[in-house]
Amino acid sequence: IGNKAICRCEALTQVTFSGSLIEIGEEAFWMAKNLSKVDLPDTLVTLGEMAFAETALTSLKLPASIVTVGNDAIPLTVREIHFPKNLKEIDIIPFGDFERRYRFDKITVDPENPYYRIEDGCFIKNEDNRIYYAPEAPAIPEGILAIGGRSFEGNTNLPADLVIPEGVEIISSGSFRNCTGLRS
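Only a predicted model underlies this, so the values are computations on that prediction, with no experimental measurement involved. (Residues numbered from 1 in each chain as written. Predicted model: local features only at pLDDT ≥ 70, side-chain atom pairs only at ≥ 80, totals over all residues. Heavy atoms only, no water.)

Colleague: Teacher, can you tell me more about the packing of aromatic side chains here?
Modeller: Each pair of aromatic rings is reported with the distance of its centres and the angle of its planes. Throughout the structure, instances matching the rule amount to 5 aromatic pairs. Their ring planes at 5 degrees and their centres at 5.5 Å tell us that Y116 and F123 sit as a pair that is stacked. Accessibility assignment for this pair places Y116 and F123 in one class, buried. Here the aromatic residues F17, F29 and F52 are joined through ring pairs into a cluster of three or more. (Phe/Tyr/Trp six-rings, centres within 6.5 Å; stacked < 30°, edge-to-face > 60°. Buried < 20%, exposed > 50% of the residue type's maximum accessible area, 1.4 Å probe, protein only.)

See the structure below:
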């Protein structure tokens, strides 16, 4: 499906794709404000930037075949997301904005995904061992090298005397914003 192919189509409420679709282009369904149900095929490899931005979707099941998800492709209204094993690039994480725009109730990652993992309640990119999302994590796991901007924002599960593990080289802006229980 090409870029902006069906954008601003407010009458559209549901879409089911054929089994041969491999790419949904940039802004393909952008601002299809009443689109509330989408069934993605098992052949989909790429979900373009803002593909489903500003739709009414509250859930989106990414197929195991997906490799790339573009910036803002997943609408902010989605509360739970599962990243399958083949997913390599998640540009919905412009590393710093991810935490302030998306408020997932639950993130899961296929245990066979070599690029991302969940550890102790933290969503981590394996390449740089950086935490990107940890709104309910009770601690910082050992071996972390960097903490992404606003990754722990509003976290009330951290101990008052948080220990930053040895080896953490980067703590990005606002990493612990509004963590009111922290003392030292």
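There's more to say after this.
Colleague: How do you make sense of the nonpolar core when you look at a structure like this?
Modeller: One recurring pattern in soluble globular proteins is that nonpolar side chains are buried together. The biggest cluster of nonpolar side chains holds 34 residues, and the ones touching the most others in it are I24, L47, F52, L60 and L62. If sequence neighbours within four positions are ignored, I24 has contacts with I1, F17, F29, L40, L44, T46, L47, G48, A51 and F52. (Core = buried A, V, L, I, M, F, W, Y, C linked by side-chain atoms within 4.5 Å. Contact = heavy atoms within 4.5 Å.)

Colleague: I tried to follow the environment of F17 on my own but got confused; where do I start?
Modeller: The topology assignment puts F17 in the loop between β1 (14-16) and β2 (23-24). What makes F17 buried here is its relative accessible area of 13%. Ignoring sequence-local partners within four residues, the contact set of F17 consists of I1, I24, F29, V38, D39, L40, P41 and F52. (Helix = DSSP H or I, 4+ residues; strand = E, 2+ residues; numbered from the N terminus.)

Colleague: Could you clarify how one ought to interpret unusual backbone geometry in this entry?
Modeller: For residues that are not glycine, phi is negative in most cases, and the peptide bond is trans in most cases. Of note in this structure, D120 is not a glycine but carries a positive phi near 50 degrees. When you line up the elements, D120 lands in the loop between β9 (116-119) and β10 (122-125).

Colleague: Got a minute to help me understand the sheet that holds strand β11 (residues 130-133) in this structure?
Modeller: To summarise the sheet geometry, strands pair through backbone hydrogen bonds and adopt either a parallel or an antiparallel arrangement. In spatial order, the strands read β9-β10-β11-β12-β13; together these 5 strands make up an open sheet with mixed pairing. Strand pairing shows two members of the sheet lacking a second neighbour, β9 and β13 (170-171), which therefore form its edges. (Pairing = 2+ DSSP bridges.)

Colleague: How should I be thinking about a negative patch on the surface in this particular structure?
Modeller: On the surface, E23, E26, E49, E89 and D91 cluster together into a patch of negative charge. Along the chain, E26 turns up in the loop between β2 and β3 (37-39). Relative accessible area serves as the criterion here: at 40%, E26 is assigned to the partly exposed category. (Patch = residues over 30% accessible without salt bridge, like charges linked within 9 Å, V, L, I, M, F, W, Y side chains within 5 Å. Areas by Shrake-Rupley, 256 points an atom, 1.4 Å probe, with all protein chains shown as cover. Salt bridge = Lys/Arg side-chain N within 4 Å of Asp/Glu carboxyl O. Lys, Arg positive; Asp, Glu negative; His and termini not counted. Charge placed at Lys NZ, Arg CZ, Asp CG, Glu CD.)

Colleague: Can you walk me through the confidence of the model for the protein in this structure?
Modeller: With 94% of its residues at a pLDDT of at least 70, the protein reaches an overall mean of 90. Throughout residues 94-100 the model reports pLDDT below 50, and contacts reaching past four residues in sequence, or to other chains, amount to 18 contacts. (pLDDT = per-residue confidence, 0-100.)

Colleague: I'm lost on the pattern of salt bridges in this one. Help?
Modeller: Two side chains of opposite charge can pair, provided their charged atoms sit close to one another. Tallied over the full model, the rule gives 11 salt bridges. We note a salt bridge from D128 to R130, for which the minimum N-O separation is 3.3 Å. In this structure, D161 and R183 form a salt bridge, with 3.4 Å as the shortest nitrogen-oxygen distance. Here R183 lies in the segment after β13 and D161 lies in the loop between β12 (146-147) and β13, a separation of 22 residues in the sequence. According to the relative accessible area criterion, D161 is partly exposed, its value standing at 43%. Residue R183 is classed as exposed on the basis of its relative accessible area, which comes to 64%. Here the residues in one salt-bridge network are R150, E153 and R177, joined through shared partners.

Colleague: Help me understand the state of the cysteines, please; the structure alone is not making it clear to me.
Modeller: Simply put, the disulfide is a covalent bond whose two ends are the sulfur atoms of two cysteines. This structure, assessed with the given rule, holds 0 disulfides. Left without a disulfide partner, C9 is nearest to the cysteine sulfur of C7, which lies 9.3 Å away. Owing to a relative accessible area of 29%, C9 belongs among the partly exposed residues under this scheme. The thiol of C179 is unpaired, and the distance to the nearest cysteine sulfur, on C122, comes to 11 Å. (Disulfide = S-S within 2.5 Å.)

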